[in-house]
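Observations on chain architecture
Below are the chains, spelled out letter by letter.
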Amino acid sequence: MIQIAVLGYGTVGSGVVEVINTNHSSINKKAGEEINIKYVLDLRDFPGDTIQEKIVHDYNVILNDPEVRIVVEVMGGVEPAYTYTKQALLAGKSVCTSNKELVARHGAELLEIARERNINYLFEASCGGGIPIIRPLNSSLTADEIDEITGILNGTTNYILTCMFQEGAEFDVVLKRAQELGYAERNPEADVEGYDACRKIAILSSLAFGQQVDYEDIYTEGITGITAADILYAKKLGMSIKLLAYSKKEGNCFYAMVAPALLGPNDPLYSVNGVFNAIFVHGNVLGDAMFYGSGAGKLPTASAVVSDVVDEAKHLHRSIMSFWSSQKLELTDISHSRKPFFVRAKGELSRDLPKVQEIFGPVTPVTVEGTQGEFGFVTEVISEAEYQEKAEKLGTVISRIRVRTV
Ligand code: HSE
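The structure presented is a predicted model; accordingly, all values stated were derived computationally and were not measured.

Residue Pro80 follows Glu79 across a cis peptide bond; omega there is 5°. As for its position among the elements, Pro80 is in the loop between strand 4 (68–73) and helix 4 (81–90). With a phi close to 55°, Asn118 is a non-glycine residue in the positive phi region. Along the polypeptide, Asn118 turns up in the loop between helix 5 (100–116) and strand 6 (121–122). By relative accessible area, which is 42% here, Asn118 ends up partly exposed.

To continue, consider the packing of aromatic side chains. Under the counting rule described, the total for this entry stands at 12 aromatic pairs. Taking the centre distance of 4.8 Å and the plane angle of 65° together, the rings of Phe209 and Phe254 count as edge-to-face. Of this pair, Phe209 sits in helix 10 (residues 195–209) while Phe254 is found in strand 11 (residues 253–263), placing the two residues 45 residues apart along the sequence. Phe254 matches Phe209 in its accessibility class, with the two residues each being buried.

Note on placement: Ile4 falls in strand 1 (residues 2–7). Sequence separation of Ile4 and Gly295 is 291 residues, and the distance between their C-alpha atoms is 25 Å. Dropping the residues within four chain positions of it, Ile4 is found in contact with Ile20, Ile35, Asn36, Ile37, Lys38, Tyr39, Val68, Ile70, Val72 and Val309.

This brings us to the sheet that holds strand 3 (residues 55–56). Strand pairing within a sheet occurs via backbone hydrogen bonds; the two strands may be parallel or antiparallel. With respect to topology, six strands assemble into an open sheet ordered 3-2-1-4-5-6, the strand pairing being parallel. With partners counted over all chains shown, the strands left at the sheet margins are strand 3 and strand 6, one partner each. Both strand 1 and strand 4 contribute to a ladder of five bridges, which runs parallel. Note that in strand 4 the partner of Gln3 across the bridge is Val68.

A grouping of Val275, Phe276, Met290 and Tyr292 is seen on the molecular surface, where their side chains present a nonpolar patch of about 340 Å² in accessible area. Locating Phe276 in the fold gives a position in strand 12 (residues 276–283).

Here the focus is the UniProt feature "domain: Aspartate/homoserine dehydrogenase NAD-binding" (unreviewed entry) in the protein. Here the UniProt feature "domain: Aspartate/homoserine dehydrogenase NAD-binding" (unreviewed entry) sits at residues 8–124. For residues 8–124, the helix share is 44%, the strand share is 18%, and the end-to-end C-alpha distance is 18 Å.

To continue, consider the state of the cysteines. Counted according to the given criterion, the structure contains zero disulfides. Free cysteine: Cys198, not disulfide-bonded; nearest cysteine sulfur from Cys127 at 11 Å. For Cys198, a relative accessible area of 4% puts it in the buried group.

Cut-offs applied
Residues numbered from 1 in each chain as written. Predicted model: local features only at pLDDT ≥ 70, side-chain atom pairs only at ≥ 80, totals over all residues. Heavy atoms only, no water. Helix = DSSP H or I, 4+ residues; strand = E, 2+ residues; numbered from the N terminus. Buried < 20%, exposed > 50% of the residue type's maximum accessible area, 1.4 Å probe, protein only. Phe/Tyr/Trp six-rings, centres within 6.5 Å; stacked < 30°, edge-to-face > 60°. Contact = heavy atoms within 4.5 Å. Pairing = 2+ DSSP bridges. Patch = residues over 30% accessible without salt bridge, like charges linked within 9 Å, V, L, I, M, F, W, Y side chains within 5 Å. Areas by Shrake-Rupley, 256 points an atom, 1.4 Å probe, with all protein chains shown as cover. Salt bridge = Lys/Arg side-chain N within 4 Å of Asp/Glu carboxyl O. UniProt positions renumbered as here; feature names shortened; annotations may be inferred. Disulfide = S-S within 2.5 Å.

Written out as structure tokens, the structure reads:
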């Protein structure tokens with residue numbers, strides 16, 4: 001029997017207990033041994049809950065119990081999760097987690113400690129919820145040099161953008177309803193400002209490129225500036241708007257960014273809707289691959305956490321995670337990164353197009369009913385720096401959205 005401890009009996013922690021109870025016999029078969037939850041650490045008590053007899057309030061009970069071989073950290077936040085994880089690994093216990101903030105900040109160090117001790121630090125649930133993506137990057141795609149990862153990595157913002165698209169509603173209206181329905185947090189900042197997606201792409205990029213990508217270095221824009229008028233233009237262009245998190249290797253340059261983008265119908269990410277997530281990966285040998293599924297929620301996330309428990313139970317004395325060096329990967333300034341831009345500008349198309357063309361060169365103009373005193377256009381592929389310079393020269397830009405080309 002393998003004894004495990006769960007740190008935190010919140011949404012994901014209670015999901016982990018539920019998954020282990022629901023699929024007990026098949027999980028045990030796959031792990032090769034019976035998995036038993038010996039302790040659940042939480043500040044609270046849960047009278048009447050079957051878990052109450054396992055509740056402990058003192059982490060040292062878990063740390064000092066040699067029977068506990070696997071610690072499931074689903075507390076969230078950096079502290080005390082970082083201290084508890086490090087202590088568990090140093091004590092020879094494998095750890096698995098859904099904590100993207102902790103993995104993004106300290107993943108390289110915690111992996112190194114696990115590797116030195118022939119145990120494991122696994123974090124399948126930290127990116128894409130229930131979608132297998134860490135394991136494929138770690139084991140299935142090892143023949144490849146990964147040169148691009150582009151993901152819809154945040155369910156809340158994808159849900160909001162999908163509703164805006166389907167209903168023509170404004171961001172604030174949809175956000176409020178999503179909060180009332182419990183799809184969005186009361187404090188939605190981490191999701192709508194893109195910070196959550198930023199941490200996830202930092203983890204995926206660090207794994208794919210084998211070096212620490214600091215999330216503070218990643219240019220990040222959320223979806224708060226997207227309006228119903230932008231959606232009208234997107235529809236006219238036959239495109240959708242998604243919050244994309246991407247990292248790309250171009251020659252010796254590494255770019256990473258989180259920002260809304262317009263996608264055409266040929267793009268595999270075009271029709272990823274609602275709370276679903278998807279991760280598009282390009283490898284130099286493989287070509288394209290895409291991973292799609294439930295990117296958030298109690299049970300999908302718990303499913304990924306428990307898959308790590310099973311893997312750790314099967315590899316109690318062998319480190320199976322690939323190395324991710326703590327040496328920092330220097331990202332190239334995004335001002336060099338190139339793509340087309342969709343631009344909304346004040347004015348009249350017939351009167352002002354010549355000036356736009358004089359500055360931006362050939363563009364594809366677009367107008368929509370329901371907007372007044374403005375028009376839109378899509379530029380050719382230009383760099384971020386060129387866009388900035390030309391937009392300043394034009395002086396009438398209302399907004400711009402990057403366009404993803406495939
Ligand atoms: N807030 C996150 C999302 C939860 O909406 O995707 C999963 O990490």
